[in-house]
Amino acid sequence: MKKHIILINSYLLFCAVSFGQQSDSLMFRRISDEILLHAQSYNNLRVLCKTVGHRISGSPEAAKAVTWGEKAMKATGADSVWLQPCDVPYWYRGKESLMLKYGKKGGYKKVTALSLGNSQGTDGKILEAPIIMVSSYEEFKTIKDEDIKGKIVFFNYRFKQNFVFTFQGYGDAVKYRWASPSTAAARGAVGVIIRSMSTGEDDYPHTGGMHYMDTVSDKKIPEMALGNYTADSLEKYCKAGPVTAKMQSECYMKPKKVRSYNVVGEIKGSEKPERIITVGGHLDSWDVGEGAQDDGAGCVQSMEVLRAIKALGIKPKCTIRAVLFMNEENGDKGGEAYADSAKSRKENHVLAIETDAGGFSPRGIGFEMDGDKKQAIIRHKDLFLPYGIYDFSREEGGTDISPMKAELNVPLAGLVPDCQRYFDVHHTNNDIFENVNHRELKLGSVVLTQLIWLVDTYGL
Ligand SMILES: [Zn+2]
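Numbers given to residues run from 1 along each chain, matching the order in which its sequence is written. Local features in a predicted model are, by the rule used here, given only for residues with pLDDT of at least 70; side-chain atom pairs are given and counted only at 80 or more, and totals for whole chains, interfaces and linings are based on all residues. Note that water and hydrogens are dropped before the side-chain values are worked out from all heavy atoms of the structure.

Can you help me understand the overall build of the protein in this one?
Only runs of H or I of at least four residues qualify as helices and only runs of E of at least two qualify as strands under DSSP, and these elements are numbered from the N terminus. Regarding its fold elements, the protein presents 16 helices and 17 strands. Counting only C-alpha atoms and orienting by the principal axes, one finds that the protein spans roughly 100 × 45 × 40 Å. Relative accessible area decides the class of each residue, using a 1.4 Å probe on protein chains only: under 20% of the type maximum gives buried, over 50% gives exposed, and in between gives partly exposed. Residues classed as buried in the protein amount to 57% of the 460 residues present. Put simply, the protein shows about 19,700 Å² of open surface, and 53% of that area lies on carbon and sulfur atoms. Here the accessible surface of atoms and residues is derived via Shrake-Rupley with a 1.4 Å probe, and residues count as covered only by protein chains that are part of the display.

Help me understand the sheet that holds strand β4 (residues 109-111), please; the structure alone is not making it clear to me.
Hydrogen bonds between backbone atoms are what pair the strands of a sheet, whose relative direction is either parallel or antiparallel. Pairs of strands are assigned from DSSP output, requiring at least two bridges between the strands. Read from one edge of the open sheet, 8 strands run β4-β3-β10-β6-β7-β8-β9-β5, paired in mixed fashion. Bordering the open sheet on either side are β4 and β5 (113-115), each of which pairs with just one other strand. Each adjacent strand pair in this sheet contributes to an overall mean axis angle of 30°, direction not counted. Contact definition: two residues touch when any of their heavy atoms are within 4.5 Å. Geometry is summarised by axes, namely lines fitted to C-alpha atoms with helices restricted to the contacting stretch, and by angles between N-to-C directions that run from 0 to 180 degrees. Along the sheet face, helix α9 (residues 228-240) touches β3 (96-102), β4, β6 (127-134), β7 (152-155), β8 (191-195), β9 (223-226) and β10 (243-249) and points at about 85° away from the line of β6.

Help me out: how do you make sense of the pairing of strand β13 (residues 272-282) in this one?
Side chains on a regular strand alternate between the two faces of the sheet. Pairing geometry for β13 and strand β14 (residues 318-325), over 8 bridges, is parallel. Across the sheet, the residue bridging to Val279 is Ala322, located in β14. Bridge count between β13 and strand β15 (residues 348-354): 6 bridges; the pairing is parallel. Bridging from a neighbouring strand, Thr278 pairs with Ala352 of β15.

Even after reading the chapter, I still don't get the nonpolar core, so can you show me in this structure?
Generally speaking, soluble globular proteins have nonpolar side chains that are buried together. Core analysis: the largest hydrophobic core is formed by 67 residues, its most contacted members being Trp68, Leu283, Ile365 and Phe384. Apart from the residues within four sequence positions on either side, Trp68 is in contact with Asn44, Val47, Leu48, Val52, Leu283, Val300, Met303 and Leu324. Core analysis: the second largest hydrophobic core is formed by 29 residues, Ile143, Ala184, Met213 and Ala225 among them. We call a set of buried Ala, Val, Leu, Ile, Met, Phe, Trp, Tyr and Cys residues a nonpolar core when their side-chain atoms join them within 4.5 Å.

What is the right way to read the coordination of the zinc ion from this model?
Four donors placed tetrahedrally around a metal ideally meet at 109.5 degrees, and six donors placed octahedrally ideally meet at 90 or 180 degrees. For Na, K and Ca the donor cut-off is 3.2 Å; for every other metal, N, O and S atoms count as donors within 2.8 Å. Water does not enter the count, which can leave sites looking incomplete. Bound to the zinc ion are the protein donor atoms His282 (NE2), Asp294 (OD), Asp356 (OD) and Asp356 (OD), situated 1.9 to 2.7 Å from the metal. One can describe the site at the zinc ion as irregular: its 4 donor atoms subtend angles covering 52 to 147° at the metal. The class for His282 is buried, based on a relative accessible area of 0%. Since its relative accessible area comes to 5%, Asp294 is described here as buried. Sites are called tetrahedral only when four donors show all angles between 85 and 135 degrees, square planar or octahedral only when four or six donors show opposite pairs over 155 degrees and all other angles between 65 and 115, and irregular in any remaining case.

Quick question: what am I supposed to make of the packing of helix α10 (residues 292-311) against helix α16 (residues 438-458) here?
Packed helices, taken two at a time, are described by the angle their axes make and the gap between the axes. Interhelical geometry of α10 versus α16 gives an angle of 55° and a closest axis separation of 9 Å. Here α16 runs oblique to α10, going by the angle between their axes. In the crossing of α10 with α16, the sense of the turn from one axis to the other is right-handed. For the pair α10 and α16, contact is made by Ala297, Val300, Gln301, Glu304, Val305, Ala308 and Ile309 and by Glu440, Leu441, Gly444, Ser445, Leu448, Thr449 and Ile452, respectively. Basically, the charged four are Asp, Glu, Lys and Arg, the nonpolar ten are Ala, Val, Leu, Ile, Met, Phe, Trp, Tyr, Cys and Pro, and anything else, Gly included, counts as polar. The residue inventory of the contact of α10 with α16, partitioned by class, reads 8 nonpolar, 4 polar and 2 charged. Roughly parallel means an angle under 35 degrees; roughly antiparallel means over 145; roughly perpendicular covers 65 to 115; every other angle is labelled oblique. In this scheme the handedness of a crossing depends on how the near helix is turned from the far one: anticlockwise by less than a right angle means left-handed, clockwise means right-handed.

How should I be thinking about unusual backbone geometry in this particular structure?
The bulk of non-glycine residues show a negative phi, and the bulk of peptide bonds are trans. Cis geometry marks the peptide bond from Asp294 to Asp295; its omega dihedral reads 0°. In this structure, Asp295 sits in helix α10. Despite not being glycine, Asn327 shows a phi value in the positive range, around 70°. Structurally, Asn327 can be placed in the loop between β14 and α11 (333-344). Positive phi, close to 60°, is recorded for Asp332, a residue that is not glycine.

Please explain α16 as it appears in this structure.
In an α-helix, one full turn covers 3.6 residues, which means residues spaced three or four apart are oriented alike. A helix's residues, less one, multiplied by 1.5 Å, set its expected span. Over its 21 residues, α16 runs 31 Å from end to end, which matches the ideal 30 Å to within 8%, given 1.5 Å per residue. Burial runs high along α16: 17 of the 21 residues are buried. Of the residues flanking the start of α16, the one acting as N-cap is Asn437, its side-chain oxygen 2.9 Å from the backbone nitrogen of Arg439. Remark: Gly459 follows α16 within two positions and exhibits a positive phi of approximately 75°. Residues adjacent in sequence count toward polar contacts only when both atoms are side-chain atoms; beyond that, a polar contact is any pair of N or O atoms within 3.5 Å, and within protein one must be able to donate a hydrogen and the other to accept it.

Next comes the structure, spelled out in structure tokens:
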């Protein structure tokens, strides 16, 4: 008799589990159908890219993007939408040019180059100096001070192409952009040229953030990036003989911070409204291209999550927020403002998710959280498989949400899309709407909505 009861109980448990799985996978399908058929994200991205364009923090374009974001957020059907203030730096590019002269004879030729973000320019004057090339910091250390003094140092460090996960290549190379001016100035250099942090087989230079390290040098020398093709030819000529450069740029960091905003939209929770799940991307971009993959894609994907939840008639237990963060690229002031506000209002955040790795086909979900919480999501991995999601191995949330972890120990997750093309376009004039595929973009929202539904339903 006892044995029969155990058997019946096991059968009922089996039925409950498989029914649960079946209804979960049906919900996953409903989410996917809704977004693949009716998403507004691609059209939203078109409007952002084509009517606002690039939008560096503090600029009039960034202010225009906030206005656009507030309107687009309201159109998702969110219960409430508000602007959250933050004060951001405003780095201004202005005109710039780089000319190179190979050998002793012949004249200067203009090449395509971009000043690095936050860098001080030449005050519009011409800075003419010989170039010295090094391939790494290790080699730089071996060069004598007198060979560096008065020179423009060309850090010819290549983005390693043999990482399959390209973010590893970026992580490996990015210090040459970030730290080279102070490193070189400390030894008497007058300027820096770098090979772009780029996988591109092309000549698009990449901009991106650099910073001056007062502890290393008090001199703020200019820094410019070359596309891979120009860097290849400069490398060739530097090996063959003397090369001189004429740098001219107007860029500078404006002395005053500018008032800007995060755009926040919210669906109030039906059972536990005090518990909050956040998903976001960043609204600011570098001042080239259209900020399409980085990170217009993440903004429109996050808003699409709210629209899909509303359209499907889902009544989430927790409060769900979409956030368009300001100033990810050179300050993270929006991310800090969001965490500060959460802290001062004693909000209870269950999970914060970021989508800031491009609007390419999603492949996985990264985590920055305790193992048991991670497992609470990974045990549902079979549900994600039909949507191409298999990689749960990455440890990453995102820059905008990182203060949530630092200040409030909120568990973080990050969307992990296919990364083969990201560093071809990111931070370049090539990061435009036309280089985003509408299906790939939508699939990102599918996975974000599925993840949020899962965590809202089963908790962490
Ligand atoms: Zn980004």
